[in-house]
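Each chain, written out:
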Amino acid sequence: MSATFIHLNIHTEYSLVDGLIRVEDLITAVSEAKMPAVAITEQGNMFSVIKFYQAAENYGIKPIIGTELRIIEDEKSRVSSRLSLLCQNLAGYQNLTRLITRSYTECQSQGVAYVPKQWLNDYGDGLIALSGGRDGNIGQAILSGKYEHARLLLIEWQSVFRDRFYFEIQRTNHTGEEEYIHSVIDMAGKYNIPVVASNDVRFLTSDAYGAHEARVCIQQGYTLNDPRRPRMYSQQQYLRSSEEMISLFQDIPEAVENTLKIAQRCNLELTLGKSYLPYFPVPNDYNQDEWLRHEAREGLKLRSIPEQSNQEKIQEYQTRLETELDVIVKMGFPGYFLIVADFIQWAKAHAIPVGPGRG
């Protein structure tokens, strides 16, 4: 990689809450800026992954897949902090999908999905963690003057991610950024933790800030001129060029260099266009193809009773059935039909109506 800065924290329109960037526009802009890689970190979801991955591959750009999570201390807590996770490999991708799924099914409150910190002990492998800047739990502790607590939090993250934990630093014109940066630079030196720069990107160009604020107001239920509304974003959170980021962090060059190192560590390859179905268990003497044929033939026998005296009609049915089965087996869908048959049979056995529709 010849570029000197890689964006590792970007929310697209798929973040729903606070992103404005269209995936196609992002990849075009990254390509024009001659950046060889880019990451997305949607807030609490992975909705854009396939579209992003395909678009980046088409442009010869390395796609780095990640998510920004809302981390809480336990399942009862709703005081959250930010943590961005980037997939190093397929194991990391699978762990991230598990975390997000559990967050929505087990720890959702008023439409917001949270991840209890202890879950990461089970799902941390294959993931690189960015601390969340001043909005991460370490940043929150530092800005509250709780330096010892910040140190203990760092030890916890190190135990989960080991050499895959980075202090994320940003200069986007927000209160407390420099205080946070000075503290984590000191901690980084003491505990040998690398720092990495990001721009917490929400829109492509600075003049899109107004449109982004309008979107945020719609989501939060405020009007733009409401003096009470929270101002959570700044006009600086656009897709800065490599040159701008190098200049912005010229006093901490390793924070820029580490974006490249992280990009080199992330090597996720997805296989698209191939169907993956759960394996349907069948009797030991059969494989899935054979069992589907067996079940279908037995089913035809039961349905052919009214036609028993008409052997010509039954032969016509059998010929048609074998043709249909050959097509299903050739396409690799026996498992799908067995799965669907299983829940339909269960529904009928439990007096649950089953419609005649498709799909």
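Source: prediction; values computed, not measured.

(A) Main features of the pairing of strand E8 (residues 165-169). Most of E8 sits inside the fold, with five of its five residues counted as buried. The alternating pattern of E8 places Phe165, Phe167 and Ile169 and Tyr166 and Glu168 on opposite faces, both of which are buried. As judged from the three bridges shared by E8 and strand E9 (residues 195-197), these two strands associate in the parallel manner. Each residue of the ladder has a partner; that of Phe167, found in E9, is Val195. Regarding topology, helix H7 (residues 177-191) serves as the crossover connection from E8 to the parallel E9, and that connection is right-handed.

(B) Structural context of helix H1 (residues 23-32). Here H1 has its buried residues at Val23, Leu26, Ile27, Ala29 and Val30. Along the axis of H1, the buried residues cluster in a sector spanning 160°; they form a single face. For H1, the elements touching its buried residues are strand E1 (37-43) and helix H2 (49-58). The positive-phi residue at the C-terminal boundary of H1 is Lys34, with phi of around 60°.

(C) Representation of a nonpolar patch on the surface within the structure. Nonpolar side chains collect at one region of the surface, where Leu16, Phe47 and Tyr104 lie side by side and expose about 310 Å² of accessible area between them. By the secondary structure assignment, Tyr104 is in helix H3 (residues 90-106).

(D) How the structure looks around the packing of aromatic side chains. Per the stated rule, a full pass over the model turns up seven aromatic pairs. Between Trp157 and Phe165, the ring centres sit 6.3 Å apart and the planes meet at 15°, which makes this aromatic pair stacked. Assessed through its relative accessible area of 1%, Phe165 is described here as buried. Each ring, one from Phe165 and one from Phe167, has its centre 6.0 Å from the other, and the planes form 75°; the classification is edge-to-face. Within the aromatic cluster, the residues linked to one another by ring pairs are Trp157, Phe161, Phe165 and Phe167. Seen from the ring of Trp119, Arg102 lies directly overhead, with NZ or CZ sitting 4.0 Å from the centre.

Criteria and cut-off values
- Residues numbered from 1 in each chain as written.
- Predicted model: local features only at pLDDT ≥ 70, side-chain atom pairs only at ≥ 80, totals over all residues.
- Heavy atoms only, no water.
- Buried < 20%, exposed > 50% of the residue type's maximum accessible area, 1.4 Å probe, protein only.
- Helix = DSSP H or I, 4+ residues; strand = E, 2+ residues; numbered from the N terminus.
- Pairing = 2+ DSSP bridges.
- Right-handed = clockwise from strand over helix to strand, strands pointing away.
- Arc of directions from axis to C-beta.
- Contact = heavy atoms within 4.5 Å.
- Patch = residues over 30% accessible without salt bridge, like charges linked within 9 Å, V, L, I, M, F, W, Y side chains within 5 Å.
- Areas by Shrake-Rupley, 256 points an atom, 1.4 Å probe, with all protein chains shown as cover.
- Salt bridge = Lys/Arg side-chain N within 4 Å of Asp/Glu carboxyl O.
- Phe/Tyr/Trp six-rings, centres within 6.5 Å; stacked < 30°, edge-to-face > 60°.
- Lys NZ or Arg CZ within 6 Å of the ring centre and 35° of its normal.

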